[in-house]
Each structure stands twice: as structure tokens, then as C-alpha cells.
Amino acid sequence: MKSIWVLCFVIGIARAALSACPNIDDADYDFIVVGAGAGGGPLASRLAETGYSVLLIDAGHDTVNVNTTIPGFNLRSLEDPQIDLNYTYDEYPDGFSVERNDGWYPRARALGGSTVHNAMINIIAGTRQDFDGLAATFNDKTWSRNNMQEYFRRIEHNLYLLPLLAPDHGFNGWLKTSTLPLDVFVADPLLLDLQTTALIASLQLAGLPALDLNDLAGDAASGVNSLSVTVDENHIRSSVHERLQAVLKSPSGKLHTSLDTLATKLLLCDSGSNVTAYGVQFAPGAALPVASNFNGKVSLNVQNATARHEVIVSAGTFQSPQLLMLSGIGDQAELLQHGITPVLHLPGVDHDEIAVNWRLKNNFTLIDGCTFLSDPAKDPCLQKWLSSGHRNAYAFAGAIDVLLTQSSPSLPAPDILTYFSPVLFPGFVRGVPQQIADNHNALTAVVLKGHPTSKGTVKLTGPHPQDKLDIQKLHFQAPGGSADIAALREGIKRARSLVESTPIGLFVDTEIAPGPDATTDEEIDNYILNRVFGD
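Residues numbered from 1 in each chain as written. Predicted model: local features only at pLDDT ≥ 70, side-chain atom pairs only at ≥ 80, totals over all residues. Heavy atoms only, no water.

### A closer look at the overall build of the protein chain
This is how the line gets drawn: Numbering of helices and strands runs from the N terminus; a helix is a DSSP stretch of H or I covering at least four residues, while a strand is a stretch of E covering at least two. Within these notes, the globule rule equals 2.2 Å times the number of residues to the 0.38 power, and the radius of gyration is based on C-alpha atoms. Here's how the labels work: a residue is buried when its accessible area is under 20% of the maximum for its type, exposed when over 50%, partly exposed in between, all with a 1.4 Å probe on protein chains only. Every accessible area reported is derived by Shrake-Rupley at a probe size of 1.4 Å, with residue values counting cover from the shown protein chains alone. Positive: Lys, Arg. Negative: Asp, Glu. His and the chain ends are not part of the count. Lysine's charge is taken at NZ, arginine's at CZ, aspartate's at CG and glutamate's at CD.
From N to C terminus, the protein chain includes 14 helices and 20 strands. Radius of gyration (C-alpha) of the protein chain: 24 Å, near the 24 Å computed for a compact globule of 535 residues. Each principal axis of the C-alpha distribution contributes one length, and for the protein chain these read about 70 × 55 × 45 Å. Across the 535 residues of the protein chain, 53% fall into the buried class. Here the protein chain has roughly 23,500 Å² of accessible surface; of this, 54% comes from carbon and sulfur atoms. Mean positive and mean negative side-chain charge positions of the protein chain (36 and 57 charges, respectively) differ by 2 Å.

The following block contains the structure:
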């Protein structure tokens, strides 16, 4: 009880020590946004278009190269030193039966954030629980799943459907969406071998309904389809980067950026009734400790910028909590351990995936000979890409087909997404881009469990902005973890059954992982514990 009073006393002192909020008329910008990715980038763009002055801060810079533009290079981009962020985390707590304390989770620092290196998969089905939950939490119906469809319509520029037949889609937005680039096979029919044909056709022949995974009608349904991806009509990645560039090039001049910049602290003040963020402290030229351009922790030269209206923190799963904690917003006891004066006690500062891999009898003609290298002299497929109007294997994004199912009939909507790709992808493991480049006769099904019960933690290891974070995934540790494992197990069985019972099964040589010897539930569960990934 004494410790509780001490904490309350410290918080009271911290609140009292905050200065009164400054005169907003003297602020440097109307808004400050930290993070130029999927959340912060579009928000900063829209605010600037509306006439507000906006400062956008990001730890990366404007990177345009083969890795950030060519769909087929999306996994190679994970190790691009221009954009990579290499987070390390512990999968399980100390004493758990499986030890995995060196997990790799790659993210991107760039204008556009991780949208310049993701798999471009464009699916909003199965998100009703998320958005309706937010609407209930904040008592704000604008967060509802139905209303989010309106926002999807605004941002989408659909390239593969007819407007009259797709009322839930948008056709005038900034995010280009497409589906399988079949014009690649028109340009070069020899690329369409029997093995590729079987892969494309297999899910369609599985006897399940074909769904539009981005309309309201398909939101709670199970079924299959080819993927919608964020790729434009020229087979180039469409992302937040292009959205930001369009606004930056506009004559308004309202959007300002500070790139290759580390946000170090929120500037807080006492408004009389609340603690308010009125600005950001930042260090231009400073790097995150998980970035390739990090050369050691240094004394930072910081600057301040102030906002007339709001500061928006949208720096991602790991950096947003760190920035809040460095500013005194977080778990009181943990902040005090690092000499940070708590200002607000906020202790509550995903999904699970598992891969199934098969070796096929033959190489896919589509990717045979491809090295996924940035030099056309060393990659015949890149050379063909450049000379053919972008019509070869590199036009394809992260997956070919997708299957949406429910792990339990008691659930209100599907929670298992399984996507298939003609590559060897074991999950997020170091060196995976080269594994893919070296294997042209593989098939992968990635089974994704939505709305898992696991809840990880992000904690400080020190008070310096360049101290690494302590990231604990804690997979399957919460109540319901056993059910999550069971759902992934059934997803693996379903993927195996689908491959065995459809045309692609005729081309399978052997199952690589979990492997033909993993047949019992216990053996499959052990594989899941040792190989699960995801955020």
C-alpha cells in the first residue's frame, strides 16, 4: 500500500511540474505527425490537402529502388539496408517449454513506412470485430466496420472491377488495386506451364464459394479468391509513398517533412483539465538502434517543434509505445526504474502465422532463372522485366490465391486466412530472401490466425531514445492460447488437404514443413510452437 501512495505522490508532483500550455497562436505547425507509414502518411496528406500546415517526422527517407517498387521484390526488400528495421524479440517467457529468444521481425523506415516493403495484400474482410469494437470503446459510430467501408471506397482506385457491379469499391482514390497480372501470360504464353496453371486453378476448384474479400457482403463469409493487391496498372507497387509524393509536389506547400529523424519525446503541458501534447522533440540525422545506419548510441542534438492543434503519434507497433514511455506516459513503476518521471499511468500501451512448405517436382517456368537481384546483368528476369513493359514474374505480388475460413462455427466471422505462393517462405527468419531466390520449385501456404488471444509487451531497456526495446511476443500465453494453437493446427490440416485434393497436388514431390512425419496433433502443435511468426 505504501508503494501505491508513493506512485500517486510522484504522479501528482509530475503533473504539478508540467508548465501551462503555451499560446497556440505561436505554434510552428497546425499538426505534427510522427510516422510516415500506413497510418500517419495518409493522415498527414489529407490534413495538408485540407489547408493545414503539417510537419511529418520519420526515421527513414525517400527510397525508390527495385525493392520498393517491383512487386516480386517484396521479400528481398526486407533486407534492404536503405529501409530495414531489424527488431529482435523473445517469442516466449522464461521457463516455457520452447525457447525462442532471437526472433526477427523486419519493418521499414521510409517515406511510406512499411507500405514500401509489405506483401501488398489488400483484404479488409474479417475486420468487423476490430472496427465495431473501436466504435463501442470510444462510443463513436464513425469507427464502425460499415463506416470504414466508406473510407475504403474513398482511398481505393480499383483497376479490375466494373463500378456498376462493385458498389462497395472505389474507383477514384489514390491507392491502386489490381489482381493477378494475367497479361504476363498473354505476353509470353510459355511462362504458363501446367504447374502454374494447377496452382492458379486449385483453389477455384476446391468447391468453396468465390468471395470479394473487400466488400460488405463477404465480410462474414468463408470462401476463396485470387488476391486483391496494391499494384498499379504498370505492375508497380502502389503505396502511401505515392500518396505523400503527390501532396509534397502540390503547390500548396502545406506538408513539411523531417526525414532520417528520430522523434525523442513528446512536449507535454497542463491544459488545466488534461495533460496535452503541444509539440515534439526530435533529433535530425539520428538513427534507430535496429536500423542499418545505426553506428552506436550518441548524445543527440535535439530540436523542438510545436503544434497548434494536435500531435499524432503513428510510429508503428514498437516505436509508438517507446515514444510515449520516453515522454512519461506508460506504466509508472517501469518508467521510474529508468529515471523517467511518470506523467500519465497508461499500462496498456495481432495475428499469428505459420507456414506449410512443399517441394514440387519441377521449377516454375515463371520464376526459373530469377535471382531477384538489383543488377539486370546478374538477373535475367530483371532484364526481362525492364524490356517487356513489366510483364514477367516480377509483376506478381506476395501471393496467388487466398482461402478464408472459420476455426470454430461459434465464431461470428472467419478468423483463418490461408494464402498460397509459389515460393519457399518458412516465415520471418534471417536469410529468407535468399532462400526464396535459391528455390524455384516450392509452394507455401501461410496460415494466419486473426484475433489471437496473445498479448505481448514492449518495454524500455533505458531512458535514451537509442536504447533497444525489450519486446516480448508471449505467443499462446494468455487464456485461449490453446484454442489459438488448435486453430492453426486445423488450418495446417486444411491446407494439406486442399493441396492433396486439387490439381497442384499432382506436382508435389514432398512436404518440407511440417514434414510428412508430423501427423499427430502433438507433432503439429510442436511445429507451431517452434515456427509461429507474425505480429
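So, next bit.
### Focus on the packing of aromatic side chains
Stated precisely, the cut-off is as follows: Each pair of aromatic rings taken from Phe, Tyr and Trp, with Trp reduced to its six-membered ring, is defined by centres within 6.5 Å and is described as stacked if the planes are under 30 degrees apart, edge-to-face if over 60, and tilted in the remaining cases. Whether a charge lies above a ring is judged from NZ of Lys or CZ of Arg, which has to be within 6 Å of the ring centre and within 35 degrees of the ring normal.
Scanning the entire structure with this criterion turns up twelve aromatic pairs. Aromatic pair Phe428 and Phe533: ring centres 5.6 Å apart, planes at 75°, arrangement edge-to-face. One end of the pair, Phe428, is in the loop between β16 (416-421) and α12 (432-438); the other, Phe533, is in the segment after α14 (521-531), with 105 residues separating them in the sequence. Residue classification places Phe533 among the buried residues on the basis of a relative accessible area of 4%. Ring pairs connect the aromatic residues Tyr87, Tyr105, Phe318, Phe425, Phe428 and Phe533, which therefore count as one cluster. Above the ring of Tyr89, the side-chain terminus of Lys473 is found at 4.0 Å from the ring centroid. The ring of Tyr105 has Lys473 sitting right over it, with the charged end atom 5.0 Å from the ring centre.

### Section: the packing of helix α13 (residues 481-501) against α14
Cut-off, in case you're wondering: Angles here are taken between N-to-C directions and fall from 0 to 180 degrees, while the axes themselves are lines fitted to C-alpha atoms, restricted in helices to the stretch in contact. Any angle that is under 35 degrees is reported as roughly parallel, and any over 145 degrees as roughly antiparallel; angles of 65 to 115 degrees are reported as roughly perpendicular and all others as oblique. Residue contacts follow a heavy-atom distance rule, with two residues in contact if any of their heavy atoms lie within 4.5 Å. Under this grouping Gly is polar, as are all residues other than the nonpolar Ala, Val, Leu, Ile, Met, Phe, Trp, Tyr, Cys and Pro and the charged Asp, Glu, Lys and Arg.
Where α13 contacts α14, the axes come no closer than 10 Å and their chain directions differ by 105°. Here α13 lies roughly perpendicular to α14, going by the angle between them. Contact residues: α13 offers Ile485, Leu488, Arg489, Ile492, Lys493 and Arg496, while α14 offers Asp521, Ile524, Asp525, Tyr527, Ile528 and Leu529. Broken down by class, the residue content of the contact of α13 with α14 amounts to seven nonpolar, no polar and five charged.

### A few points about the state of the cysteines
Using the following cut-off: The disulfide criterion is simple: two cysteine sulfur atoms within 2.5 Å.
Taken as a whole and judged by the stated rule, the model has two disulfides. What pairs with Cys21 in a disulfide is Cys269, and their sulfur atoms sit 2.0 Å apart. One quick way to see it: the torsion about the S-S bond of Cys21 and Cys269 is about 85°, and its sign makes the bridge right-handed. Highlighted residues: Cys21 in the loop between α1 (2-17) and β1 (29-34) and Cys269 in strand β9 (residues 261-270), separated in sequence by 248 residues. Overall, Cys21 belongs to the partly exposed group, its relative accessible area being 31%.

### Quick notes on the sheet that holds strand β14 (residues 351-360)
Rules: Think of it this way: DSSP has to see at least two bridges between two strands before they count as a pair.
Pairing in this open sheet of six strands is antiparallel, and the strands run β7-β15-β16-β17-β14-β20 from one edge to the other. Two strands in the sheet have a free side with no partner beyond their single neighbour: β7 (223-226) and β20 (508-513). The mean angle between the axes of side-by-side strands here comes to 20°, regardless of whether they run parallel or antiparallel. Bridge analysis of strand β15 (residues 401-405) against β16 gives five bridges, and the strand direction is antiparallel. Considered in β16, the bridge of Val402 is made with Tyr419. In this fold α14 packs onto β14 and β20, with an angle of close to 110° to the strand it touches most, β14.

### Quick look at the nonpolar core
Filter applied, for reference: Nine residue types can take part in a nonpolar core, namely buried Ala, Val, Leu, Ile, Met, Phe, Trp, Tyr and Cys, and a core is a set of them joined through side-chain atoms within 4.5 Å.
One finds Trp358, Leu366, Tyr394, Phe420, Phe476 and Ile528 to be the most contacted residues of the largest nonpolar core, which totals 56 residues. It is α13 that provides the largest number of residues to this core, a total of seven residues. Formed by 24 residues, the second largest nonpolar core is a distinct cluster that contains Leu75, Leu213, Val432 and Leu448.

### Comments concerning the sheet that holds strand β8 (residues 255-258)
Spatially, six strands are ordered β8-β2-β1-β11-β10-β9 in an open sheet, and the strand pairing comes out mixed. A strand with exactly one partner marks an edge of an open sheet, and here the two such strands are β8 and β9. Averaged over all adjacent pairs, the angle separating strand axes in this sheet is 40°, with direction ignored.

### A closer look at a nonpolar patch on the surface
The criterion, for reference: Nonpolar side chains (Val, Leu, Ile, Met, Phe, Trp, Tyr) are joined into patches within 5 Å and like charges within 9 Å, using only residues with over 30% relative accessible area and no salt bridge. Each reported salt bridge corresponds to a side-chain nitrogen of Lys or Arg within 4 Å of a carboxyl oxygen of Asp or Glu.
Together, Leu134, Phe138 and Trp143 make up an exposed nonpolar region whose accessible area comes to about 290 Å². By secondary structure assignment, the location of Trp143 is in the loop between α4 (128-138) and α5 (145-155).

### What to know about helix α11 (residues 380-387)
An α-helical turn contains 3.6 residues, so any two residues separated by three or four positions project in the same direction. The following threshold applies: Here the arc refers to the set of directions running from the helix axis out to each C-beta atom. In protein, a polar contact means a hydrogen-donor-capable atom and an acceptor-capable atom, both N or O and within 3.5 Å, with residues adjacent in sequence counting only if both atoms are side-chain atoms; elsewhere, any N or O pair within 3.5 Å suffices.
Listing the buried residues of α11 in full gives Cys381, Leu382 and Trp385. All buried residues of α11 fall inside an arc of 100° around its axis, so they share one side. For α11, the exposed residues set more than 90 degrees away from the buried face come down to Leu386 and Ser387. In this structure, the buried residues of α11 make contact with α3 (66-69). For α11, the side-chain oxygen to backbone nitrogen distance between the N-cap and Cys381 is 3.0 Å, and the N-cap itself is Asp379. Positive backbone phi, at 70°, marks Gly389, one or two positions downstream of α11.

### Brief notes about helix α7 (residues 194-202)
If you check which residues of α7 are buried, you get Gln195, Thr196, Ala198, Leu199, Ile200 and Ser202. The elements touched by buried residues of α7 are α6 (183-187), β14, β15, β16 and β17 (442-450). Residue Asp193 occupies the N-cap position of α7, its side-chain oxygen lying 3.2 Å from the main-chain nitrogen of Gln195.

### Some remarks on unusual backbone geometry
In this chain, Ala513 is followed by Pro514 through a cis amide linkage whose omega measures 5°. When you line up the elements, Pro514 lands in the loop between β20 and α14. One non-glycine residue, Asn139, lies in the positive phi region at around 50°. For Asn139, a relative accessible area of 72% puts it in the exposed group. Here Phe476, not a glycine, exhibits a phi torsion of approximately 65°, which is positive. Relative to the helices and strands, Phe476 resides in the loop between β19 (469-472) and α13.

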